[in-house]
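Overview (structure and organization)
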Amino acid sequence: MRGIIGVIFMIQGVLGIIGTFTDGTWGLLAHWFDLPWYAYAGLFAAGAALALWGERDKKRHEQAGA
């Protein structure tokens, strides 16, 4: 579940960064909040950390069960 949430955060972060440097607003968060580009970069980093944590945990459970 952490991996899926992490990927969603990463997508929103990338869309926010692209939308900040182009004309239009992209992503769902841009409709609710006016965030600077570095907040979207932090959102992407947090999403990447969640996705990596989820994958590491999944591999650890597979090794323990095997």
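Here the structure is shown first, and the text comes after it.
Analysis parameters
Every chain is numbered on its own, with residues counted from 1 as its sequence reads. Selection of residues for local features in this predicted model requires a pLDDT of at least 70, selection of side-chain atom pairs for listing and counting requires 80 or more, and totals for whole chains, interfaces and linings are taken over all residues. Side-chain figures throughout are based on the complete set of non-hydrogen atoms in the structure, without hydrogens or water. Think of it this way: any DSSP run of H or I at least four residues long counts as a helix, any run of E at least two long counts as a strand, and we number them from the N terminus. Radius of gyration means the value over C-alpha atoms here, while the globule rule gives 2.2 Å times the residue count to the 0.38 power. Surface exposure here means Shrake-Rupley accessible area, sampled with a 1.4 Å probe, where a residue is shielded only by the protein chains that are shown. For this count, His and the chain ends are skipped, Lys and Arg are scored as positive, and Asp and Glu as negative. Charge positions are represented by NZ for Lys, CZ for Arg, CG for Asp and CD for Glu. Any N or O atom pair separated by 3.5 Å or less is treated as a polar contact, with the protein-specific requirement of one donor-capable and one acceptor-capable atom, and with residues adjacent in sequence counted only for side-chain atom pairs. Residues are treated as being in contact if the distance between any of their heavy atoms lies within 4.5 Å. Note on aromatic pairs: the rings of Phe, Tyr and Trp (six-membered ring only in Trp) are paired at centre separations within 6.5 Å, and the planes decide the class, stacked below 30 degrees, edge-to-face beyond 60, tilted for the rest. Each residue gets one of three labels from its accessible area relative to the maximum for its type: buried under 20%, exposed over 50%, partly exposed in between, using a 1.4 Å probe on protein chains only. Counted as salt bridges are all cases of a side-chain nitrogen of Lys or Arg within 4 Å of a carboxyl oxygen of Asp or Glu.

Attention shifts here to the overall build of the protein chain. For the protein chain, the count of helices and strands is 3 helices and 0 strands. Secondary structure elements of the protein chain, listed N to C terminal, follow the sequence α-α-α. For 66 residues, the compact-globule estimate of 2.2 N^0.38 gives 11 Å, and the C-alpha radius of gyration of the protein chain, at 15 Å, exceeds that figure by more than 25%. Once the C-alpha set of the protein chain is aligned to its principal axes, its extents read approximately 50 × 15 × 15 Å. A total accessible area of about 5,000 Å² is found for the protein chain, and carbon and sulfur atoms account for 68% of it. Placing the 5 positive and 5 negative side-chain charges of the protein chain at their respective mean positions leaves the two points 14 Å apart.

With that out of the way, let us pick up the side chain of glutamine 12. With respect to the helices and strands, the residue glutamine 12 is situated in helix 1 (residues 2–21). At 3.4 Å, the side chain of glutamine 12 and the backbone nitrogen of leucine 29 are in polar contact. Sequence-distant contacts of glutamine 12, defined by excluding residues within four places in its chain, comprise Gly27, Leu28, Leu29, Tyr40 and Leu43.

Next up on the list: the environment of leucine 28. Tracing the sequence through the fold places leucine 28 in the loop between helix 1 and helix 2 (29–32). Each C-alpha atom of the pair leucine 28 and histidine 61 lies 34 Å from the other, and the pair is 33 residues apart in sequence.

A word on the packing of aromatic side chains. How two aromatic rings sit relative to each other is given by the distance of their centres and the angle of their planes. Here the structure, examined in full by the defined rule, presents 2 aromatic pairs. Here the aromatic rings of phenylalanine 21 and tryptophan 37 are separated by 6.3 Å at their centres, their planes lie at 40°, and the arrangement is tilted. Taken together, the positions of phenylalanine 21 in helix 1 and tryptophan 37 in helix 3 (residues 37–65) put the pair 16 residues apart, joining distant regions of the chain. Since its relative accessible area comes to 43%, tryptophan 37 is described here as partly exposed.

Right, let's get into the pattern of salt bridges. By the definition in use, this model includes 3 salt bridges. The shortest N-O distance in the salt bridge between aspartate 57 and arginine 2 comes to 2.5 Å. Of this pair, aspartate 57 sits in helix 3 while arginine 2 sits in helix 1; the two residues are 55 residues apart in sequence, bridging distant segments of the chain. Take arginine 2: its relative accessible area is 28%, and that puts it in the partly exposed class. With a closest N to O distance of 2.6 Å, arginine 60 and aspartate 57 form a salt bridge. One end of the pair, arginine 60, and the other, aspartate 57, are both in helix 3, 3 residues apart, so they sit about a helical turn from each other. Among the charged side chains, a salt-bridge network with shared partners connects Arg2, Asp57 and Arg60.

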